[in-house]
Each structure stands twice: as C-alpha cells, then as structure tokens.
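Spelled out, the chains give:
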Amino acid sequence: MNGKSLAQQYKEFFSDFRQWNQLGHAREYLLFPENIGPDLCIDESSLSCGELYTFVTNPAGHGGKGSLVAVIEGTKSERIIQVLEKIQRNKRLKIREVTLDLSPTMMLVARTVFPKATITNDRFHVHKLFYEAIDELRVSLRWMARDLENSIMAECRSDGRPYVPFRYANGDTRKQLPARAKYILMKHSSKWTDSQRWRAEIIFEFYPELKEAYELALELTSIFNRHTSKNTARLLLAHWYDRVEKLPGEQFITVLNTFHNHYDTILNFFEKRYTNAFAESFNAKVKAFRAQFHGVTDIPFFLYRLSKLCA
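In this report, the structure presented in the accompanying data block is examined. Since the model is a prediction, treat every value here as computed from it, not as a measurement.

1. Focus on helix α2 (residues 77-84)
Of the residues making up α2, those classed as buried are Ser77, Ile80, Ile81, Val83 and Leu84. Angular distribution of buried residues about the axis of α2 spans 165°; they occupy a single face of the element. Close packing links the buried residues of α2 with β1 (29-31), β3 (51-57), β4 (68-73), α3 (89-92) and α4 (104-113).

What follows is the structure in structure tokens.
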C-alpha cells in the first residue's frame, strides 16, 4: 500500500484520532493533569514554520509515558497561565521546583501557576548568554581586522605595490584568525586539538581582551561545576561580576544586567543542582519526530501521535 494512503487510513480509521477527547482544542492546547509531578520543566519549541508552542514536561517520565503535562500554542504568558490554571489548584501547589530558561515570560508563568515552587534558571542558558557576548566581541574584532586589511590593500593599490597579506605563525591572515576562532572560544580548553590550541595562543596574544573574557567563561563553568553551597557560590559570583564589569563592550553590561535581574533564581541551582536539560532533550525528541514526517502539516494529528508516545 502507498505510504501516504496508509497514513491517511491510520488517521481516519485505525486510530481513535476522531474520537480523541482533546481534538476540539488540540491546535490551541493539550492538557494532561494526571502526568503532573513534583518537578516540572518549561520550554518552547517550533512545530511548523516557526510557530512556537510551549511545552510543560515532567522529567520523571524520562521522555516516555507520563512526560507530557501540557502543550500550549504560543508563548504569551496570559494564554499559558489561563490553560495551566485548568489544573486543580491543590495539584499545582504540590510542585516543588520548576526549571526554565531566562525568559521573563516563562518565569511569570511559573510564579503565577505554581506559587509554592522554587524557580530555577537553567545553568546552561546562563553559560550560553555569556558565550554569546564573547562571540559578539570576537565579531567586532573581526570587523576591525577586516577594515585594517582593506586600508592596507588600498594603500598598496595607490602606491602601485603588490599586496602581500600579513600572516600569523599558523598561516591565518588578519581577518581569518578571528573568524576561525569561533569554535575555539565556544569550547572548553580541555577539548582543544593541538592546532586549535596553537590558534588560541596566537589570538590570545594579539587580542588579550578575548583571552580575559574566555578565562572568565571558564571560571563561571568552574563555579557551577565545583561548588554546591549556595552561600559560597553567591560570594564567588559576586567576585566574578566585578571582573566582568571591567571587560570592554556593551554586551557584557547586558549580560550583567540579566544576571542581576535573575540573581536569586540562578543561585537556586546550587540547592538541588537541577537543570532544564530534560526539556532540551524532550525538544530534541519532538524535532526528531517532526523530521520523520518531513515537517508538520496537520498540527492536531501530530500532537495526537506525540501524546500517544509521551502522555
């Protein structure tokens, strides 16, 4: 039988999709209160053409049955709160911890719907924010190197001299060095290859501001990895903030402002060391499931099949 025909037959006749009790509102939301647990994760994911849906998941389900608590169209806090408040209040009051990213919208949702839960910002989103700031600094330095190279080329052209590009010891030109350093700066130094280590030594010699920013990124990782005491982490992060304030670039001020606004929820990580890794893993599972169908043309039917696996 033709695969497309089989899928259609499954949808209309073999499955109970047409009798599904959530079919009437499947495009707007799905809700499975029976899957709620003491710890929850909140994140968003795209299902089709950039359309975002908010997923509330229970890590105790390990990605299988009992993992999916809610799927809600969009990321508007009012709409998400409205749907989640359909869950009985006594169940919502039993939630101990909610992990999420640095989104103010999702934090408002967590505080409103789960008022007794501890809200924890995912440590990996904290790292990501700082690494993005480092990458912005790298890009700005790359443009400066490109401008310098263009001005030297113009001088050679006006003087009638052939242009010979400057090369560093590893063979990179001025504009190639910062361009090729992106992967190095996003990766822990313990995972560098020999050639990457050589490139890092060169770029840190000529761009000391990148070296200082990268060392602070490693220090932030060390604080999260090695310390379990909230009070100790608070003190170490305060010293770390003081050093970040001295870095050049507005992007690092933005990072610090974000950290200050989420200071308490970032520190909550050091109580139980919970992360939002399960939510990211669940999102990857949703995307892999979506890829099997080469995209999503029928969102309610896709969510029906997802609920069969995960709800």
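Structure shown, so let's carry the discussion forward.
2. Focus: the environment of Lys246
Of note, Lys246 is situated in the loop between α10 (230-244) and α11 (250-261). Along the primary structure Lys246 and Glu212 are separated by 34 residues, whereas in three dimensions their C-alpha atoms are 10.0 Å apart.

3. With respect to the pattern of salt bridges
Two side chains that carry opposite charge are able to pair once their charged atoms sit near each other. All chains considered together, the criterion is met by 9 salt bridges. Lys230 serves as the salt-bridge partner of Glu271, at 3.0 Å between the closest nitrogen and oxygen. Of this pair, Glu271 sits in helix α13 (residues 269-272) while Lys230 is found in helix α10, placing the two residues 41 residues apart along the sequence. The network of salt bridges with shared partners includes Asp172, Arg180 and Arg199.

Reading the values: rules and limits
Residues numbered from 1 in each chain as written. Predicted model: local features only at pLDDT ≥ 70, side-chain atom pairs only at ≥ 80, totals over all residues. Heavy atoms only, no water. Buried < 20%, exposed > 50% of the residue type's maximum accessible area, 1.4 Å probe, protein only. Helix = DSSP H or I, 4+ residues; strand = E, 2+ residues; numbered from the N terminus. Arc of directions from axis to C-beta. Contact = heavy atoms within 4.5 Å. Salt bridge = Lys/Arg side-chain N within 4 Å of Asp/Glu carboxyl O.

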